[in-house]
Amino acid sequence: MHTLRFLRQKFPTLPASYFELLSKLDGWEGFVGDNYVVLFGAADALVATDEYQLPVYRPDYFALGSNGGGELIVCKLLGSEDRPAYRLPAIGMSDATPIEIAPTIEVFAQAVLAAAAGDA
């Protein structure tokens, strides 16, 4: 939980529902509907955001995970609490238009939690 606390301090503008998701499920991989989702744990999200150079190429976004196939799952760092989750190519991201995959981070989080519960 120390890493989650650090993430919250470093990126306090991320939606509360994202932090809630990580407090319940600090990383997970599987299908959410027809989409494959690799939810990064708090530590991996910090590393991925830096290693994929989001602060350089898309400084307004944060990496929540990936689809396991060359696209990141991201959200905007600023905005209302109900901002969407998007897919963004890991290569060529500076020119790409993000594709909405969930209307809010809360909807994304609930779908991931429901899919993870189905794994049990």
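Here is what the cut-offs are and how they apply
Residues numbered from 1 in each chain as written. Predicted model: local features only at pLDDT ≥ 70, side-chain atom pairs only at ≥ 80, totals over all residues. Heavy atoms only, no water. Pairing = 2+ DSSP bridges. Helix = DSSP H or I, 4+ residues; strand = E, 2+ residues; numbered from the N terminus. Axes fitted to C-alpha atoms, helices over the stretch in contact; angles between N-to-C directions. Salt bridge = Lys/Arg side-chain N within 4 Å of Asp/Glu carboxyl O. Buried < 20%, exposed > 50% of the residue type's maximum accessible area, 1.4 Å probe, protein only. Core = buried A, V, L, I, M, F, W, Y, C linked by side-chain atoms within 4.5 Å. Contact = heavy atoms within 4.5 Å. Phe/Tyr/Trp six-rings, centres within 6.5 Å; stacked < 30°, edge-to-face > 60°.

## Side note on the sheet that holds strand β2 (residues 35-39)
Across the sheet, which stays open at both edges, the six strands sit in the order β1-β2-β3-β4-β5-β6 with antiparallel pairing between neighbours. Unpaired on one side and paired on the other, β1 (28-32) and β6 (99-102) mark the two borders of the sheet. Sheet twist, expressed as the average angle between the axes of neighbouring strands with direction ignored, equals 40°. Relative to β6, strand β5 (residues 85-89) is paired through three bridges, and the arrangement is antiparallel. Its bridge partner lying in β6, Y86 is registered against E100.

## Description of the pattern of salt bridges
One pass over the full model with this rule turns up two salt bridges. In this structure, the salt-bridge partner of E20 is K24, at a minimum N-O distance of 3.4 Å. Here E20 and its partner K24 are both found in helix α2 (residues 16-24), four residues apart, which amounts to about one turn of the helix. Judged by relative accessible area, K24 falls into the exposed class, the value being 52%. Here E71 and R87 are joined by a salt bridge, their closest N and O atoms 2.8 Å apart. In this pair, E71 sits in strand β4 (residues 71-76) while R87 sits in strand β5, placing the two residues 16 residues apart along the sequence.

## Considerations on the nonpolar core
Counting residues in each nonpolar core, the largest one holds 42 residues, and the members touching the most others are L7, L14, Y18, W28, F62, F108 and V112. No other element matches the six residues that helix α5 (residues 105-119) contributes to this core. Ignoring sequence-local partners within four residues, the contact set of F62 consists of L7, F11, L14, Y18, A45, L46, T49, L54, I73, V74, C75 and L77.

## Concerning the packing of aromatic side chains
Evaluated as defined, the whole model comprises five aromatic pairs. Judged by centre distance (5.8 Å) and plane angle (50°), the rings of Y18 and F19 are tilted. When the centroid spacing of 6.0 Å and the interplanar angle of 80° are considered together, the rings of Y61 and Y86 count as edge-to-face. Linking Y61 in strand β3 (residues 61-66) with Y86 in strand β5, this pair joins segments that are 25 residues apart in sequence.

## Let's talk about the pairing of β2
Bridging between β1 and β2 involves five bridges; their strand directions are antiparallel. From the neighbouring strand, W28 faces β2, where its bridge partner is L39. Hairpin connection of β1 to β2: two residues between the antiparallel strands, including G33 at a positive phi of 65°. For β2 and β3, the ladder comprises two bridges, and the chain directions are antiparallel. Looking at β3, one finds that V38 is bridged to S66.

Shape descriptors only; they carry no functional weight alone.
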